[in-house]
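Chain by chain, the residues run as shown.
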Amino acid sequence: MDMISKDIYYIGVNDHKVDLFEGQYPVPNGMAYNSYIIKDEKIMVIDTVDAGFGGDWLMNIIRVLGKSMPDYLLVQHMEPDHSANIADFMNIYTNTTIVSSAKAFTMMKNYFGTDFPDRQIVVKEGDTLCLGEHTLAFVEAPMVHWPEVIVTYDTKDKVLFSADGFGKFGANDVEEEWADEARRYYIGIVGQYGNQVQSLLKKAAALKLDIQTICPTHGPVLNNNLGYYLNLYDKWSSYTPEEEGIVLAYTSVYGHTKEAVEKLRDRLIEYKAPKVVVYDLARDDMSAAVSDAFRYSRLILATTTYNSNMYPFMHDYIHRLVEHKFQKRKVGLMENGSWAPRAGSLMKSMLSQCDAIDFAENMVTIHSALNSDSEAAIDQLAKEMCMDYLQQCDETANKLDLSALFRIGYGLYVVTSNVFGEKGGCIVNSVTQLTNSPNRVAVTINKANYTHDLVKASKMLNVNCLSVDAPFSIFQNFGFQTGRECNKFKEIDYLTSLNGLPYLTKYINAFMSLNVKDEIDLGSHTMFVCSISESRVMSKKETMTYNYYQNNVKPKPEVAEKKGYVCKVCGYIYEGDTLPADFQCPVCKHGAADFEKL
């Protein structure tokens, strides 16, 4: 048996008989059902396996334990692919005690007719169990993705037993890329419970768990580059696109819609889309098409009007997107109909159930077959979907587009600068157009910010106008840490403007390159009065206002049992009856005026 540490053993099994997991997800490389043993003064078996592999699993236990008897069976999740062998195990090991949540014991009785009342330990959030050298800490993970789920942390070897979290399709004796099958597994199995996964990730962060190994119930044990896996889970569960690109999903009856899709694909590539992925929903793996809709930043749907509705495979696809809480994407639509096309409005109506969908203004309507009008509409849709891609790549684009000034509001911006290769960036909320003849813009920056020093030294800066699709991670990156201690551009996509300074390629609707003409000392801040050397409009998205950030982007603080004051900018909580008048937030550096009482 594989050893995870000197005391922890892998005793799972591989299933190459299954063709459809949960009766719907193709698994050409099978499935793994994982189980583990901790050998200490007390012996703990963690989870069982699918019903068809009970014999193999029990033999694996015997290979590790020999004649030793397990003291505990930990049941983290009651789904049958992990719990099917509980009763057989308990009949063989008659002195073993089951450790699980209260909800799991209720389900156990439903499955097996008994919850083993004289052989159970009910654990809840914050409980621990000592096995000797190993102490297990239990964390409740409701709806990740069943209500009874718990995950378990071994404080000695720093191992997280993560139940279905961080699992993937595919047996463990098959070599394949982790992310593709893990993404398809996550979106299909857990996807609609993103808020609950985010809550679990926050719990782990709050508990400051030093996780060095992750042991899921499906897929390989993870013990290298854990930041990669945690970062992907954070993106998936926050519904943030992993990559820039366009998924083009379609159905076609007689080939005319397919022909239109192929023309649209070619236009998207011509207009610099970094990635275009095409799915024929009647023939391709539906779960892969759903997974990629969450992977990439944009989606275009094309289908026919069929029986006064839309084609069934498209209806099924959109239903799955809605069911899995598809959101935060730009969506384009194409419809075909010989006499009364209405698929476009139906698709839009279904997707309107999702949050933060930015529908393209241009919709393509085809009456049976392509003609000059519908081909022109395809071109317009492609241009709209690729507008910012074109701006980033087109050297002939208008580089002094003063309509960028119209994007300035009482909003939030990322200011970037650069001195001798030292890049910096910070969040500001004070950018103002002062005059238009000549054009002058004022940018006010806190003196405590590293970017302030770079601007003061270089006399140059870029103002990135954040758009409403900017995730909270942008504010964390540029607003809640200092460039004196970290490289804020390490995980950020950016290009260089004509002045040699960085500008963001995502989450902005415009940027302006400015030259400092004058400085006004405002005490804690400096106001830089600037001229414009370059300005570009990058997208049609609305500017991120301070109110939008407060209401839609910034996570709500968990304040149920705390008293004190909360920072309205970043959510930091000061615990105390009185907030000092000169208090400054240690996270975002805002003063007492930006706090409110809990």
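Just above sits the structure.
Before going into details, it helps to say that this report is about the structure given with it. Bear in mind that the values here come from a model prediction, so they are computed numbers and not experimental data.

Taken as a whole and assessed by the stated rule, the structure comprises 2 cavities of 30 Å³ or more. The space that makes up the largest cavity amounts to roughly 50 Å³. As for the largest cavity, its lining consists of Tyr-25, Arg-184, Ile-187, Gly-188, Ser-287, Val-290, Arg-320 and His-324. For the lining of the largest cavity, the elements supplying multiple residues, two or more each, are helix H5 (178–190) and helix H9 (286–295). Looking at the lining of the largest cavity, the element that brings in the most residues is H5, giving 3 residues. Split into classes, the residues belonging to the lining of the largest cavity amount to 3 nonpolar, 3 polar and 2 charged. As a volume, the second largest cavity reaches approximately 40 Å³. Along its surface, the second largest cavity is lined by Ile-187, Lys-235, Trp-236, Tyr-239, Thr-240, Phe-294 and Arg-329.

Moving on: helix H10 (residues 312–323). In this model, H10 (12 residues) spans 16 Å end to end at C-alpha, consistent with the 16 Å of a helix rising 1.5 Å per residue. Listed in full, the buried residues belonging to H10 are Met-314, Tyr-317, Ile-318, Arg-320, Leu-321 and Val-322. Buried-residue contacts for H10 involve strand E16 (243–250), H9, strand E18 (296–306), strand E19 (309–310) and helix H11 (343–351). Looking one or two residues past H10, Lys-325 carries a phi angle of roughly 65°, positive in sign.

Another point: the side chain of Ser-5. With respect to the secondary-structure elements, Ser-5 resides in the segment before strand E1 (8–10). Of note is the side chain of Ser-5, whose polar atom sits 2.7 Å from the side chain of Asp-157.

What follows concerns the pairing of strand E25 (residues 431–436). The pairing of E25 with strand E26 (residues 439–446) spans 5 bridges and is antiparallel. Its bridge partner lying in E26, Thr-435 is registered against Arg-440. The hairpin turn running from E25 into E26, its antiparallel successor, is 2 residues long.

Under the criterion given, the structure shown has 28 aromatic pairs. Three or more aromatic residues link up through ring pairs in this structure, and these residues are Phe-166, Trp-178, Tyr-186, Tyr-228, Tyr-229, Tyr-233 and Trp-236. Here the guanidinium or amino end of Lys-348 rests over the ring plane of Phe-359, the centre of that ring lying 5.2 Å away.

A separate point is unusual backbone geometry. The omega torsion across Val-144 and His-145 is 5°, close enough to zero to call that bond cis. Along the chain, His-145 turns up in the loop between strand E12 (135–140) and strand E13 (150–154). Going from Ser-437 to Pro-438, the amide bond is cis rather than trans, its omega being 5°. Mapped onto the secondary structure, Pro-438 falls in the loop between E25 and E26. We note that Glu-22 has phi near 55°; this positive angle belongs to a residue other than glycine.

Time to look at a nonpolar patch on the surface. Taken together, the side chains of Val-253, Tyr-254 and Tyr-306 make up a nonpolar region of the molecular surface, amounting to roughly 350 Å² of accessible area. Val-253 sits in the partly exposed class, given a relative accessible area of 36%.

Two side chains bearing opposite charge may form a pair once their charged atoms approach each other closely. The full count for this structure, using the stated rule, is 32 salt bridges. One salt bridge in this structure joins Asp-285 and Arg-184, with 3.5 Å as the shortest N-O distance. With Asp-285 in the loop between strand E17 (276–280) and H9 and Arg-184 in helix H5, this residue pair connects regions lying 101 residues apart in the sequence. One salt-bridge network, held together by shared partners, links Asp-180, Arg-183, Glu-242, Glu-243, Asp-292 and Arg-295.

Whether parallel or antiparallel, the strands of a sheet pair through hydrogen bonds between backbone atoms. Strand order in the open sheet made by the 5 strands is E11-E12-E13-E14-E15, with mixed pairing throughout. Only two strands of the sheet have a single partner each, and these edge strands are strand E11 (128–130) and strand E15 (213–215). Here the strands of the sheet are splayed against their neighbours by 20° on average, with no regard to which way each runs. Where E12 and E13 come together, 5 bridges link them in antiparallel fashion. Note that in E13 the partner of Val-139 across the bridge is Val-151.

This part is about the sheet that holds strand E34 (residues 595–597). With antiparallel pairing, 3 strands are arranged side by side in an open sheet as E33-E32-E34. Each edge of the sheet is formed by a strand with only one pairing partner; in this case those strands are strand E33 (573–575) and E34. Across the sheet, the axes of successive neighbouring strands diverge by a mean angle of 25°, strand direction being ignored. With 3 bridges joining them, strand E32 (residues 564–567) and E34 adopt antiparallel strand pairing. Each bridged residue has a counterpart across the sheet, and for Cys-567 the counterpart in E34 is Phe-595.

Relative orientation of the contacting elements helix H6 (residues 194–206) and helix H7 (residues 226–237) amounts to 140°, with a least axis distance of 8 Å. Seen from above, H6 lies across H7 with left-handed handedness. Across from Gly-194, Asn-195, Val-197, Gln-198 and Leu-201 in H6, the residues of H7 making contact are Leu-230, Tyr-233, Asp-234 and Ser-237. Looking at the contact of H6 with H7, its residues break down into 4 nonpolar, 4 polar and 1 charged.

What follows covers the environment of Thr-303. Its place among the elements puts Thr-303 in strand E18. When its relative accessible area of 0% is taken as the criterion, Thr-303 is described as buried. Between the alpha carbons of Thr-303 and Val-261 there is a distance of 9.6 Å; along the sequence they are 42 residues apart. Once residues lying within four places of it in the same chain are set aside, the contact partners of Thr-303 are Thr-251, Thr-257, Met-310, Tyr-311, Met-314, Met-334, Glu-335, Asn-336, Ala-343 and Met-347. Only 2.5 Å separates the side chain of Thr-303 from the side chain of Thr-251, close enough to count as a polar contact.

About the criteria used
Residues numbered from 1 in each chain as written. Predicted model: local features only at pLDDT ≥ 70, side-chain atom pairs only at ≥ 80, totals over all residues. Heavy atoms only, no water. 1 Å grid on protein atoms, 1.4 Å probe; cavity = no way out; pocket = protein on both sides within 12 Å on 5 of 7 lines; lining within 4 Å. Points joined across faces, edges and corners; volume = space filled by probe spheres on them. Helix = DSSP H or I, 4+ residues; strand = E, 2+ residues; numbered from the N terminus. Nonpolar A, V, L, I, M, F, W, Y, C, P; charged D, E, K, R; others polar. Expected span 1.5 Å × (residues − 1). Buried < 20%, exposed > 50% of the residue type's maximum accessible area, 1.4 Å probe, protein only. Contact = heavy atoms within 4.5 Å. Polar contact = N/O pair within 3.5 Å; in protein donor to acceptor, adjacent residues only side chain to side chain. Pairing = 2+ DSSP bridges. Phe/Tyr/Trp six-rings, centres within 6.5 Å; stacked < 30°, edge-to-face > 60°. Lys NZ or Arg CZ within 6 Å of the ring centre and 35° of its normal. Patch = residues over 30% accessible without salt bridge, like charges linked within 9 Å, V, L, I, M, F, W, Y side chains within 5 Å. Areas by Shrake-Rupley, 256 points an atom, 1.4 Å probe, with all protein chains shown as cover. Salt bridge = Lys/Arg side-chain N within 4 Å of Asp/Glu carboxyl O. Axes fitted to C-alpha atoms, helices over the stretch in contact; angles between N-to-C directions. Left-handed = near helix turned anticlockwise from the far one by under 90°.

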